[in-house]
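Working through the structure, step by step
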Amino acid sequence: MASRALTTTDGAKLPNWRVTLRRSLRRAAELGGAAVLFAGMVFLALALATYHQTDPSGSTAAAGPVLNWMGRPGAWAAERALLLFGPVSVLFLPMLYVFARKLWRFAEEDDGAAPLHQRWWRPVGVLLFAMALMATPLSLVFTGRAGTLPAGMGGLAGLLSAKAVTALTALLPESARFWSLFASGALA
């Protein structure tokens, strides 16, 4: 084992190959992760855009041909997203784009930059909470069957939060129920 740093004939230090390999592998993983997130965004966008109620998925017993452009996985992904949040589920697309762009930009930065130590789960949690809040007025307003969507306009998140809001407003006097429902829907 050599105990001295490798140097060239003019005395300059040679770069450590382990550090260089580690940096290049990290950069390749960041770029690959960004590409996977961007591809997932495009996949989900096309799956949501070509959603059909008759596609085989978790909430249907259809065995016919899959009409979704992304095939059976696209039918399942679109159905699950719409089941959970309804049309508000399109907000997953900007989130995927932002995360992909952040990874791509981080890979392009200098090696001297600080490592990415942000908590990724915090913005995801905030987005899911905001999506549930946006789904609440949709479920309060559109109480009947909402066309071809699996769980109505607000999805399960909207249905659950609308049920909680109506249960809380039921405790109020009859004259205040409408206005409290209106205020809570506007606030959400």
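My aim in this report is to walk through the structure given alongside it, one point at a time. Being a predicted model, the structure only gives us computed values, none of them experimental. Along each chain, residue indices are assigned from 1 in the same order as the chain's sequence is written. Local features are withheld for residues below a pLDDT of 70 in this predicted model, meaning they are given only at 70 or higher, and side-chain atom pairs are given and counted only at 80 or more; totals for whole chains, interfaces and linings count all residues. Where side-chain values are given, they derive from all heavy atoms of the structure, hydrogens and water being excluded.

Further remarks concern the nonpolar core. We call a set of buried residues a nonpolar core when its members are Ala, Val, Leu, Ile, Met, Phe, Trp, Tyr or Cys and they connect through side-chain atoms within 4.5 Å of each other. When a residue's accessible area, from a 1.4 Å probe over protein chains only, is under 20% of the maximum for its type it is buried; when over 50% it is exposed; and in between it is partly exposed. Leu-44, Leu-48, Phe-85, Phe-92, Met-95 and Met-131 are the most contacted members of the largest nonpolar core, which totals 20 residues. Every helix listed is a DSSP run of H or I at least four residues long, and every strand listed is a run of E at least two residues long, numbered separately from the N terminus. Among the secondary structure elements, those contributing two or more residues to this core are helix 1 (17-49), helix 2 (71-85), helix 3 (92-108) and helix 4 (121-141). Take this core: its biggest share by element is five residues, from helix 3.

Examined against the element boundaries, Ala-100 turns out to sit in helix 3. By the convention used here, residues are in contact when the closest approach between their heavy atoms is within 4.5 Å. Not counting residues up to four positions away in its chain, the partners in contact with Ala-100 are Ala-34, Leu-37 and Phe-38.

Any two side chains of opposite charge can pair, so long as their charged atoms come close to each other. Within this document, salt bridges are pairs made up of a side-chain nitrogen of Lys or Arg and a carboxyl oxygen of Asp or Glu, the two lying within 4 Å of each other. The full count for this structure, using the stated rule, is three salt bridges. Linking Arg-26 and Glu-30 is a salt bridge whose minimum nitrogen-to-oxygen distance equals 3.6 Å. Of the two residues, Arg-26 and Glu-30 are both situated in helix 1; the distance of four residues between them amounts to about one turn of the helix. Arg-80 serves as the salt-bridge partner of Glu-79, at 2.8 Å between the closest nitrogen and oxygen. Accessibility expressed as a relative area gives 0% for Glu-79, which makes it buried.

Our next topic: helix 2. Expected helix span is computed as 1.5 Å times (number of residues minus one). Between its terminal C-alpha atoms helix 2 stretches 21 Å, which fits the 21 Å expected from 15 residues at 1.5 Å a residue. Looking at the buried positions of helix 2, the neighbouring elements they touch are helix 1, helix 3, helix 4 and helix 5 (155-169). Once helix 2 finishes, Gly-86 follows within two positions and takes phi at roughly 70 degrees, a positive value.

Attention shifts here to the packing of aromatic side chains. Between the rings of Phe, Tyr and Trp (Trp by its six-membered ring), a pair exists once the centres lie within 6.5 Å; its type follows the angle of the planes, with under 30 degrees stacked, over 60 edge-to-face, and the other angles tilted. Summed over all chains, the structure comprises four aromatic pairs. A centroid spacing of 6.1 Å and a plane angle of 85 degrees characterise the contact between Trp-179 and Phe-182, whose relative ring orientation is edge-to-face. With a gap of three residues between them, Trp-179 and Phe-182 both fall in helix 6 (residues 174-187), about one helical turn apart. One aromatic cluster in this structure is built from Phe-178, Trp-179 and Phe-182.

Our next topic: the environment of Asp-55. Take Asp-55: it is sitting in the loop between helix 1 and helix 2. Separated by 19 residues in sequence, Asp-55 and Gly-74 place their C-alpha atoms 9.6 Å apart. Those residues in contact with Asp-55 that sit more than four places away from it in its chain are Thr-50, Thr-60, Ala-62, Pro-65, Val-66, Leu-67, Asn-68 and Ala-75. Polar contacts, as used here, are pairs of N or O atoms within 3.5 Å; protein pairs need one atom able to donate a hydrogen and one able to accept it. Residues neighboring in sequence count only if both atoms are side-chain atoms. From its side chain, Asp-55 meets the backbone nitrogen of Asn-68 in a polar contact 3.2 Å long.

Below, the discussion takes up the packing of helix 2 against helix 5. Each pair of packed helices can be summarised by the angle the axes make with each other and by the distance between the axes. Where helices are involved, their axes are fitted lines through C-alpha atoms of the stretch in contact, as for all axes, and angles between N-to-C directions lie from 0 to 180°. Running from amino to carboxyl end, helix 2 crosses helix 5 at an angle of 15 degrees, the nearest separation of the two axes being 1 Å. In terms of orientation, helix 2 and helix 5 fall into the roughly parallel class. Residue-level contacts link Leu-82, Leu-83, Leu-84 and Phe-85 of helix 2 to Gly-155, Leu-156 and Ala-157 of helix 5. When residues are grouped by polarity, Ala, Val, Leu, Ile, Met, Phe, Trp, Tyr, Cys and Pro land in nonpolar, Asp, Glu, Lys and Arg in charged, and all others, Gly among them, in polar. Residues belonging to the contact of helix 2 with helix 5 are distributed by class as follows: six nonpolar, one polar and no charged. We call two directions roughly parallel when the angle between them is under 35 degrees, roughly antiparallel when it is over 145, roughly perpendicular when it lies between 65 and 115, and oblique otherwise.

Along the chain, Asn-68 falls in the loop between helix 1 and helix 2. At 3.1 Å, the side chain of Asn-68 forms a polar contact with the backbone oxygen of Ala-47. Polar side-chain contacts of Asn-68 include one of 3.5 Å to the backbone oxygen of Gly-74. Contact partners of Asn-68, with chain neighbours within four places excluded, come to Leu-46, Ala-47, Thr-50, Tyr-51, His-52, Asp-55, Gly-74, Ala-75 and Ala-78.

Moving on, we come to helix 5. With 15 residues, helix 5 should cover 21 Å at 1.5 Å per step; its first-to-last C-alpha distance of 21 Å lies within 8% of that length. Listed as buried for helix 5 are Gly-155, Ala-157, Gly-158, Ala-162, Val-165 and Thr-169. Each buried residue of helix 5 sits inside an arc of 120 degrees when the element is viewed along its axis, so together they form one side. Turned more than 90 degrees from where helix 5 packs its buried face, Leu-160 and Lys-163 sit exposed. Along its buried surface, helix 5 packs onto helix 2, helix 4 and helix 6. Note: the arc covers the axis-to-C-beta directions of the helix.

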